[in-house]
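Spelled out from the first residue to the last, the chains are:
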Amino acid sequence: MADLNALAEAIIKGKAPVARQLTEEALAEGVAPQTVLNEGLIAGMNVVGQKFKANEYYVPEVLIAARAMQQSMQVLKPKLAETGAEPIGKVVIGTVQGDLHDIGKNLVAMMLEGAGFEIIDLGVDVKPEDFVKAALDAGAQIVGMSALLTTTMPAMETTINQFKEQGVRDKVKIMIGGAPVTQEFANRIGADGYSPDAASAVDLAKALIAA
Ligand code: B1M
């Protein structure tokens, strides 16, 4: 019998081969891909997020858990596509122009994916117009920007202005983060939300989708 609790536990402990194998077994036994996602992967990543918030897990543990989740996702994704399962939302994410730091951005992307969002990751050093194009092409509801340098924080405002100039600011919610970024800065540049870490980025994205 497929044990989705064991799958969630394998994600929490970051045991990628076990997670992958349990995912394959559950699918082979006929468990619906959406159930495997919700009760295995997302349930596991929720616990990882809680542990991260409570300082029981640090960046390495989260990265290892996220890697296990991604191994399972490789097996699950084609099956989800076959069943026409919808993600809870689409997020275009990237590190802003001039900035090459991507560890935090990747962590946020992986946590969002673990929460059921579809992620379009544009990488680092992303030009404002590329954020706009990708968001429109994908029909994304959320654009996420990361910056780690005080010198690249202004690129967040430039990107928001690019959405305004193209007349599409109201088509997306924009969330920002990164070590030097603050709520006050987010308010000042007209972002829709700021989160200090990857776990609260998931809460924020869910709130923005629901708003
Ligand atoms: Co750079 N670097 N770096 N660096 N680097 C910092 C950021 C720095 C604070 C180091 C220092 O001086 N003490 C400093 C910035 C100073 C400042 O502007 N305030 C700095 C500098 C100056 C530079 C260079 C200019 C150095 C040089 O060349 N002279 C250069 C710039 C290159 C460029 O980007 N153009 C540079 C280069 C690099 C490396 C390439 C060597 C490497 C990056 C490798 C990579 O990312 N692939 C690097 C690294 C690793 C760091 C430090 C050591 C670690 C950053 C990190 O990954 N943290 C950093 C010093 C430090 O923080 N101790 C430093 C871990 C990560 C999980 O945290 O990214 O904050 P963080 O993400 C968190 C939250 O912020 C939040 O969630 C994440 C998880 O909880 N979050 C979001 C992040 N994005 C979010 C988006 C959201 C929501 C939440 O919504 C969309």
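**Points about the nonpolar core**
Thinking step 1. Counting residues in each nonpolar core, the largest one holds 47 residues, and the members touching the most others are L41, M45 and L76.
Thinking step 2. Breaking this core down by element, the ones donating at least two residues are α1 (4-13), α2 (16-28), α3 (33-53), α4 (59-83), β1 (89-95), α5 (103-114) and α9 (198-210).
Thinking step 3. In terms of residue count, the dominant contributor to this core is α4 (nine residues).
Thinking step 4. Counting only domains with at least three residues in this core, you end up with domain 1 (4-83) and domain 2 (89-210).

**Details of α9**
Thinking step 1. Between its first and last C-alpha atoms α9 spans 19 Å; for 13 residues at 1.5 Å apiece the expected length is 18 Å, and the two agree.
Thinking step 2. Considered for burial, the residues of α9 that qualify are A198, A199, S200, A201, V202, L204, A205 and L208.
Thinking step 3. Buried positions along α9 lie against α3, α5, β2 (117-121), β3 (142-146), β4 (173-177) and β5 (193-194).
Thinking step 4. One side-chain oxygen at the N-terminal end of α9 lies 3.1 Å from the backbone nitrogen of A199; it belongs to D197.

**Here we look at the site of the ligand**
Thinking step 1. The full set close to the ligand counts 26 residues, and L100, H101, D102, S146 and T150 are the nearest of them.
Thinking step 2. One nitrogen or oxygen atom from the main chain of G98 is found 3.0 Å from a nitrogen atom belonging to the ligand.
Thinking step 3. Where the shell around the ligand is concerned, the elements lending two or more residues are α5, β3 and β4.
Thinking step 4. Of all the elements, α5 adds the most residues to the shell around the ligand, at four residues.

**A word on the layout of surface pockets**
Thinking step 1. There is about 390 Å³ of room inside the largest pocket.
Thinking step 2. Looking at the largest pocket, it is lined by 25 residues, and the ones nearest its centre are G104, V108, G178, P196 and D197.
Thinking step 3. Among the elements of the structure, β1, α5, β3, β4 and α9 are those that each provide at least two residues to the lining of the largest pocket.
Thinking step 4. Ranked by the residues each element gives to the lining of the largest pocket, the list is headed by α5, at six residues.
Thinking step 5. Each residue belonging to the lining of the largest pocket can be placed in one class, and the counts come to 17 nonpolar, six polar and two charged.
Thinking step 6. The space that makes up the second largest pocket amounts to roughly 340 Å³.

Rules used throughout
Residues numbered from 1 in each chain as written. Predicted model: local features only at pLDDT ≥ 70, side-chain atom pairs only at ≥ 80, totals over all residues. Heavy atoms only, no water. Core = buried A, V, L, I, M, F, W, Y, C linked by side-chain atoms within 4.5 Å. Buried < 20%, exposed > 50% of the residue type's maximum accessible area, 1.4 Å probe, protein only. Helix = DSSP H or I, 4+ residues; strand = E, 2+ residues; numbered from the N terminus. Domains from an automatic or database assignment. Expected span 1.5 Å × (residues − 1). Contact = heavy atoms within 4.5 Å. Polar contact = N/O pair within 3.5 Å; in protein donor to acceptor, adjacent residues only side chain to side chain. Near = heavy atom within 4 Å. 1 Å grid on protein atoms, 1.4 Å probe; cavity = no way out; pocket = protein on both sides within 12 Å on 5 of 7 lines; lining within 4 Å. Points joined across faces, edges and corners; volume = space filled by probe spheres on them. Nonpolar A, V, L, I, M, F, W, Y, C, P; charged D, E, K, R; others polar.

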